[in-house]
Amino acid sequence: MPKQGDVLLTAIGTIGEIYVVEGNRDFYFKDGNVLWLRGFTAVNPHFLKYVLVSFVESLNKMAHGAAYSALPIQRLNAHRIFVPPPTEQEAIVSQLDSLNDETQRLEAIYRRKLAALEALKKSLLHHAFTGELQNHESSEHQAAVG
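Residues numbered from 1 in each chain as written. Predicted model: local features only at pLDDT ≥ 70, side-chain atom pairs only at ≥ 80, totals over all residues. Heavy atoms only, no water.

With antiparallel pairing, the 3 strands of this open sheet are ordered in space as 2-1-3. For this open sheet the edge positions go to strand 2 (18-20) and strand 3 (34-37), each flanked by a neighbour on one side alone. Ignoring strand direction, the axes of neighbouring strands in this sheet form an average angle of 15°. Sheet topology places strand 1 (residues 7-10) next to strand 2; 3 bridges connect them, and they run antiparallel. Across the sheet, Leu 8 pairs through a bridge with Tyr 19, a residue of strand 2. (Pairing = 2+ DSSP bridges. Helix = DSSP H or I, 4+ residues; strand = E, 2+ residues; numbered from the N terminus. Axes fitted to C-alpha atoms, helices over the stretch in contact; angles between N-to-C directions.)

Have a look at this one:
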């Protein structure tokens, strides 16, 4: 069973979904599709997650257009990373978590603004096609003539 701090990485099909096991909840995963990284003591699992995100992004760029995506364990084992001291890992994770939170907050604002613009566009088109939208100058001209 996966334990707290283990890292699971999808390795077939959609490569790069990464999950850090938190707590001691029992769960099942199909291990043929997932790489299970465990037993490391010198690496913060959340630091490893960010390292893997970067690694997977570069793999996906190289595999663009492939009919079948897979990340064999041999390829992951061949990937070497620099592991800073634990305090630096924690600081890096903290900074990246903060950036991630801010990115998600900004993305939510952006999505709300896009939805508001889409609603405005639909409203304007509706008014235009039903004749409710008039040119301001022609309204003033009609009022002055009438």
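This is not the end of the story, as more comes after the structure.
Moving on to the pattern of salt bridges. Working definition: two side chains of opposite charge can pair if their charged atoms are close together. Under the criterion given, the structure shown has 2 salt bridges. Put simply, Arg 105 and Glu 102 hold a salt bridge, and the shortest N to O gap is 2.7 Å. Remark: Glu 102 and Arg 105 occur in helix 3 (residues 86-129); sequence separation between them is 3 residues, near one turn of the helix. Across the pair Arg 111 and Glu 107 runs a salt bridge, and its minimum N-O distance is 2.6 Å. Of this pair, Arg 111 and Glu 107 both sit in helix 3, separated by 4 residues, roughly a single helical turn. Here Arg 111 falls in the exposed class, since its relative accessible area comes to 54%. Residue Glu 107 is classed as partly exposed on the basis of its relative accessible area of 36%. (Salt bridge = Lys/Arg side-chain N within 4 Å of Asp/Glu carboxyl O. Buried < 20%, exposed > 50% of the residue type's maximum accessible area, 1.4 Å probe, protein only.)

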